[in-house]
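Here is what each chain is made of, one letter per residue.
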Amino acid sequence: MKQYLLSIDAGTTSARCILFDRKGAVCAVAQKELHLSYPQDGWVEQDAAEIWAVQLQVCREALKTCGAKPEQIAAIGITNQRETTVVWDRATGEPIAPAIVWQCRRTAEMADELRCRGLEQMLRDKTGLVVDAYFSATKLRWILDNVPDARRRAEQGELLFGTVDSWLIWNLTGGKRHVTDASNAARTMLFDIHALCWDEDILRELDIPSGMLPDVVPSSGIAAYTDAALFGREIPIAGIAGDQQAALFGQTCFAPGEAKNTYGTGCFLLMNTGEKPVSSENGLLTTVAWNIGGRVTYALEGSVFVAGAAIQWLRDDLKLVDSAAQSEEIARSTADTGGVYLVPAFTGLGAPYWDPYARGTLIGLTRASNRAHIVRAALESLAYQTADVLYVMQKDAGLVLQHLRADGGASANNFLMQFQADIVDVLVERPACVETTALGAAFLAGLAVGVWKDEEDIRRTVARDRTFAPQMESERRSRLLAGWHRAVSRAMGWAAPD
Ligand code: ADP
């Protein structure tokens, strides 16, 4: 009887379910869009009840498409949008407020206030995060402060808090288990990533009752069983990880110095730094990658705000390309950018520059500059921004990058992948299965129930689509990078108040 791993990929814009077999092949996919609402400027919300209902629906659909019986599901793995905050009633299972989505900025002032109270260093040391509204802590506090009666009810033990993984597991188990894993807990800004527990001091400072919080269980291990009524049989839930950490696992970045980059709207880079957390001198985040068999692996995380979005901009606003994919052919039609650089700092610059006042800059134009130069410069900007983050990651971690594993929509672009290899001088590998996030959750679950023996067994499962070896001469690389850094310096501070 063929065995499958059922992977729940609870994203921000869609709920997905993928069934994988032991070879890591995709056997069925079901996906449905989720609604996001924007009730006020900068606010982003979702209906937690919808997240659960749609997720259950796509799970059933994938099982049906595949023709898999419940007894063929060896285990369930869950990966999810991180930081998004749900609070629900322990007795009824009803959310008491809309889920506050990671993108929501409503608690920006609360985060400023934490900084003003001098808590930044303490929070950074304990949680590995920079103080920001992005993480769950201030979102949870907002719900307690603003939903009528919430604080009293939370103090009396009537309410539960969870990120999306916890919320789904609570529902999958018919309200029996309230758990999360350390990779998700590490994104709440309430979790001590060294001691691996919720931090009493932070909870006190934020006035959050500890009874609301889930138990933290291993990322790989049987955390719970589904309610038999849902799929006709109790199925073990055996893998849990936040989306970026799951992708790191799905890309088999098991050793220190192995890193992955997801080339989507923005870029998300994670580097495995091994068993010790590394703190960054350059504003990168320190996070738990996973906790398996009592062994914790840490990662450094950095992101690029505008990556694939720059290609969308070429397509939708400048109309320089008909499709994102066409950018490849156009970039190849010219040997270089003719000295043109695009710094797509549309919303400021993140690591390592951290300049909210930087703005997009197209520079180096001459009368000979043409469409192909600009398209190529836009694609190259994804690689340059990635190179900047990788440079500080290696410096902070004291590790040399082994290779870079790529995924995400824009990783389909062979020109970009080759230029990335050239500009960082490292091997770039693209897996055959680009569903690395869902695959990571399946691997974590399968490892726990013996579908895969160990990490080596998993490594053997993953097929590479293509590797891109660096070919550029170092003199040219240095010249191009110097030009990029000059362009960045011109973009910085542009929108700063006088
Ligand atoms: P997200 O998950 O962030 O929505 P995806 O991983 O689906 O993003 O990737 C979509 C992004 O990748 C878009 O911004 C798009 O412009 C870009 N993209 C998709 N295909 C290509 C391509 N062949 N070349 C360059 N960029 C691409």
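Provided above is the structure to which this section pertains.
Residues numbered from 1 in each chain as written. Predicted model: local features only at pLDDT ≥ 70, side-chain atom pairs only at ≥ 80, totals over all residues. Heavy atoms only, no water.

Q: Honestly, helix α6 (residues 164–172) in this entry has me stumped. Any pointers?
A: Given 3.6 residues per helical turn, the α-helix brings residues three or four places apart onto the same face. Of all 9 residues that make up α6, 9 are buried, and the element is covered over most of its length. Every buried residue of α6 is listed here: V164, D165, S166, W167, L168, I169, W170, N171 and L172. (Buried < 20%, exposed > 50% of the residue type's maximum accessible area, 1.4 Å probe, protein only. Helix = DSSP H or I, 4+ residues; strand = E, 2+ residues; numbered from the N terminus.)

Q: How should the packing of helix α1 (residues 48–66) against α6 be read in this particular structure?
A: Put simply, α1 and α6 touch, their axes get as near as 10 Å, and they point 60° apart. Taken as axis vectors, α1 and α6 run oblique relative to one another. Of the two possible hands of crossing, α1 and α6 adopt the one that is right-handed. Each of A48, A49, I51, W52 and Q55 in α1 lies in contact with α6, whose residues at this interface are V164, W167, L168, N171 and L172. Among the residues forming the contact of α1 with α6, the class breakdown is 8 nonpolar, 2 polar and no charged. (Axes fitted to C-alpha atoms, helices over the stretch in contact; angles between N-to-C directions. Parallel < 35°, antiparallel > 145°, perpendicular 65-115°, else oblique. Left-handed = near helix turned anticlockwise from the far one by under 90°. Contact = heavy atoms within 4.5 Å. Nonpolar A, V, L, I, M, F, W, Y, C, P; charged D, E, K, R; others polar.)

Q: Please explain the environment of V278 as it appears in this structure.
A: Here V278 lies in the loop between β16 (267–274) and β17 (285–292). When the C-alpha positions of V278 and G257 are compared, they lie 12 Å apart, and in sequence the two are 21 residues distant. What V278 contacts, discounting residues up to four positions off in sequence, is T273, T286, L300, D396 and A397.

Q: Looking at this structure, how should I read the pairing of strand β15 (residues 258–263)?
A: Regular strands have side chains that alternate between both faces of the sheet. Within β15, 6 of the 6 residues are buried, leaving the element largely enclosed by the surrounding structure. Of the two faces of β15, the one holding E258, K260 and T262 and the one holding A259, N261 and Y263 are both buried throughout. Of the pairings in the sheet, the one linking β15 to β16 comprises 5 bridges and is antiparallel in character. Across the sheet, K260 pairs through a bridge with L270, a residue of β16. Linkage of β15 to β16, two consecutive antiparallel strands, is achieved through a turn of 3 residues. (Pairing = 2+ DSSP bridges.)

Q: When you look at the packing of aromatic side chains in this model, what are you seeing that I'm missing?
A: Throughout the structure, instances matching the rule amount to 16 aromatic pairs. Between Y134 and F135, the aromatic rings sit 5.0 Å apart at their centres with planes inclined by 75°, giving edge-to-face as the arrangement. According to the relative accessible area criterion, F135 is buried, its value standing at 2%. Plain terms: the ring middles of W313 and F346 are 5.1 Å apart, the flat faces sit at 55° to each other, and that makes the pair tilted. Within this pair, whereas W313 is found in helix α11 (residues 308–316), its partner F346 is found in the loop between β19 (341–343) and β20 (361–363), the two being separated by 33 residues in sequence. (Phe/Tyr/Trp six-rings, centres within 6.5 Å; stacked < 30°, edge-to-face > 60°.)

Q: What should I look at first to understand the side chain of T461 in this one?
A: In this structure, T461 sits in helix α16 (residues 455–461). For T461, a relative accessible area of 16% gives the class buried. At a separation of 3.2 Å, a polar atom in the side chain of T461 contacts the side chain of W452. Within polar-contact distance, the side chain of T461 engages the backbone oxygen of D457 at 2.9 Å. Leave out the neighbours within four places in its chain, and T461 touches R22, K23, G24, F443 and W452. (Polar contact = N/O pair within 3.5 Å; in protein donor to acceptor, adjacent residues only side chain to side chain.)

So, to be careful, I would describe these as geometric facts and stop short of saying anything about function.
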